[in-house]
Amino acid sequence: MRVLVTGASGFIGSAIIQELIANGHEVRGLVRSSEAATALRRQGVEAIQGSIEHTAILRQAGQQMDGVVHTAFFHSFAHAGWRAKLRIMFGGHFKHAPVRFMKAAVQTDQHVIETMGNLLSSSGGSLVIAMPTMTMTAGRLALEEHAADVQSVGGPRAASEHTALAMAQRGVHASIVRLPPIVYGEGDRGGLLPSLIQSARKAGKSAYIDDGSNRWASIHRLDAARVFRLALEKGNGSSRFHAVADEGIAFRKIAGYIGDSLQLPTESLTTEQGNAHFSWLSSFAATDNPVSADATMKSLNWRPEQPSLQDEWAKGYYIQSSRQR
């Protein structure tokens, strides 16, 4: 298949690129920087440089593709274009800027999905969208059949899921691949796990909220990449898949890994203390997000093959790389 990957230079996108090439697909990557474009070309990947905000660039990138894997998203203010930045900064009171940022990010995400869906509709191509499992209802085991919950901590992104699955009505094979809060592996710089490590370094302690029994699911990036590739190849109509290896690790155990490795104490915090310690991550750090991948394993004939988070953590590179930041 001829496949476009957005966010092709990212931690997950780059793994998907490798997975697709290894399985005989012809790949094109959409990236923001010239450096990322050069790196892609060195791998033999056709690179298109530009922002997902620009319709003309999206259409150029998606032309004559059999499938699209969309992983790009505005995870930080720096990712947005100048028009979006102006709307975020000057669109109202400064305290509401985070809400405006998320609104702009989701609107851009929906724009990408609609643009790519329209391009693929005439050929019945495959569209695969990355979504966080934090869009699921907290406190219950999330199943593939469950729809995204607008009341969840990741609720604003539920709109993108609905937009993507609606593309099936236009003849597109639309698939959602949900990713857990911990997608781990060497080279992880911007994920939630490095952010937790930095919070611990800054505070002089690792922490969890209340008893820390809330769970976070996890997966190795290479196992996740295989789910994206299989969803692209096998997804039919509208489908939801879970790229999850461990359905739930108690947050206090994750905090313990970090504390022990940094030789720092690991402490329980109240919700108020957690807000100060974790900052923007506090609502996520308190969320119980167990996720099943049983249906995905059966429908895609997929099984995780990479080391567990505990085994990967023991290699030490997460702590080593955190010292270099």
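Just so you know, these numbers come straight off a predicted model, no measurement behind them.

**Overview of the sheet that holds strand β6 (residues 173-179)**
Across the sheet, 7 strands lie side by side as β3-β2-β1-β4-β5-β6-β10; this open sheet has parallel pairing. The two strands at the open ends of the sheet, each matched to only one other strand, are β3 (46-49) and β10 (238-242). Neighbour to neighbour, the strand axes of the sheet diverge by 20° on average, direction disregarded. With 4 bridges joining them, strand β2 (residues 26-31) and β3 adopt parallel strand pairing. Residue V31 lies in a different strand from β3, and its bridge partner there is Q49.

**Brief notes about the nonpolar core**
Counting residues in each nonpolar core, the largest one holds 41 residues, and the members touching the most others are V5, I16, V69, V177, L179, F228 and W302. For this core, the element with the highest residue contribution is helix α8 (residues 221-234), accounting for 7 residues. Those residues within four positions of V177 in sequence are excluded, and the remaining contacts are V128, I129, A130, M131, V227, F228, A231, F241 and A243. One finds I209, L262, L269 and Y318 within the second-largest nonpolar core, a separate group that totals 28 residues.

**Concerning the confidence of the model for the protein chain**
Across the protein chain, the average pLDDT comes to 91, with 91% of residues at or above 70. At the low end of the mean pLDDT range in the protein chain sits helix α4 (residues 82-90), at 60; at the high end sits strand β9 (residues 215-220), at 98.

**Observations regarding the packing of aromatic side chains**
Applying the stated criterion to the full structure yields 5 aromatic pairs. With a centroid separation of 5.9 Å and an interplanar angle of 80°, the aromatic rings of F251 and F278 are classed as edge-to-face. Of the two residues, F251 is situated in helix α9 (residues 251-262) and F278 in helix α10 (residues 271-278); the sequence distance between them amounts to 27 residues. Both residues of the pair, F251 and F278, count as buried. Considering the side-chain rings of Y257 and W313, the 6.1 Å spacing of their centres and the 25° angle between planes classify their relative orientation as stacked. Linking Y257 in helix α9 with W313 in helix α13 (residues 309-313), this pair joins segments that are 56 residues apart in sequence. Looking at W313, the relative accessible area reads 9%, which means it is buried. Following the ring pairs from residue to residue traces out a cluster consisting of Y257, W313, Y317 and Y318.

Here is what the cut-offs are and how they apply
- Residues numbered from 1 in each chain as written.
- Predicted model: local features only at pLDDT ≥ 70, side-chain atom pairs only at ≥ 80, totals over all residues.
- Heavy atoms only, no water.
- Pairing = 2+ DSSP bridges.
- Helix = DSSP H or I, 4+ residues; strand = E, 2+ residues; numbered from the N terminus.
- Axes fitted to C-alpha atoms, helices over the stretch in contact; angles between N-to-C directions.
- Core = buried A, V, L, I, M, F, W, Y, C linked by side-chain atoms within 4.5 Å.
- Buried < 20%, exposed > 50% of the residue type's maximum accessible area, 1.4 Å probe, protein only.
- Contact = heavy atoms within 4.5 Å.
- pLDDT = per-residue confidence, 0-100.
- Phe/Tyr/Trp six-rings, centres within 6.5 Å; stacked < 30°, edge-to-face > 60°.

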